[in-house]
Amino acid sequence: QVQLVESGGGLVQAGGSLRLSCAASGRTFSMNIVGWFRQAPGKEREFVAAANWSGGNTYYADSVKGRFTISRDNAKNTVYLQMNSLKPEDTAVYYCAAKWGITYLDQRSYNYWGQGTQVTVSS
């Protein structure tokens, strides 16, 4: 069993920055891939970023590439999402997720999920 808890969401003006954190606990050895997803009002949940826990592979949605960075602190079992140059269309509930596998982008393959943290970007 793995538990994931997101934090760091809030209200920010367009062009600003936020860093989201996802703390993992429990049987963290049961996951090798971590990801971030988001769900905006009236839309389905979509992929944002993902990485393998050991490092070396990262993936980003085109909409956030160059602005967002996924990273991790192995000692703290924590995954981060640094979000820069935020836009109003980034407004959503952001979820972290984890899995054991070889694919990164399909949210249906992730079996551990956090409860989400709200990010609101004002114009």
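Please read these numbers as outputs of a predicted model, since none were measured by experiment.

Explain the state of the cysteines to me, and be specific about the residues and the numbers.
Covalent bonding between the sulfur atoms of two cysteines is what defines a disulfide. This structure, assessed with the given rule, holds 1 disulfide. The disulfide partner of C22 is C96, and the gap between their sulfur atoms is 2.1 Å. Taking the torsion about the sulfur-sulfur bond, which here is approximately 65 degrees, the covalent link between C22 and C96 counts as right-handed. In this pair, C22 is assigned in strand β3 (residues 18–26) and C96 in strand β9 (residues 92–99), connecting sequence segments 74 residues apart. On the basis of relative accessible area, C22 is assigned to the buried category, the value being 4%.

Describe the pairing of strand β4 (residues 33–39), with residues and values.
The buried fraction of β4 is high, at 6 of 7 residues. Hairpin connection between β4 and strand β5 (residues 46–52): a loop of 6 residues separates the two successive antiparallel strands, and G42 in this loop has a positive phi of roughly 75 degrees. Where β4 lies against β9, 7 bridges are found, and the strand directions are antiparallel. Its bridge partner being in β9, F37 is matched across the sheet by Y95.

Here is what the cut-offs are and how they apply
- Residues numbered from 1 in each chain as written.
- Predicted model: local features only at pLDDT ≥ 70, side-chain atom pairs only at ≥ 80, totals over all residues.
- Heavy atoms only, no water.
- Disulfide = S-S within 2.5 Å.
- Helix = DSSP H or I, 4+ residues; strand = E, 2+ residues; numbered from the N terminus.
- Buried < 20%, exposed > 50% of the residue type's maximum accessible area, 1.4 Å probe, protein only.
- Pairing = 2+ DSSP bridges.

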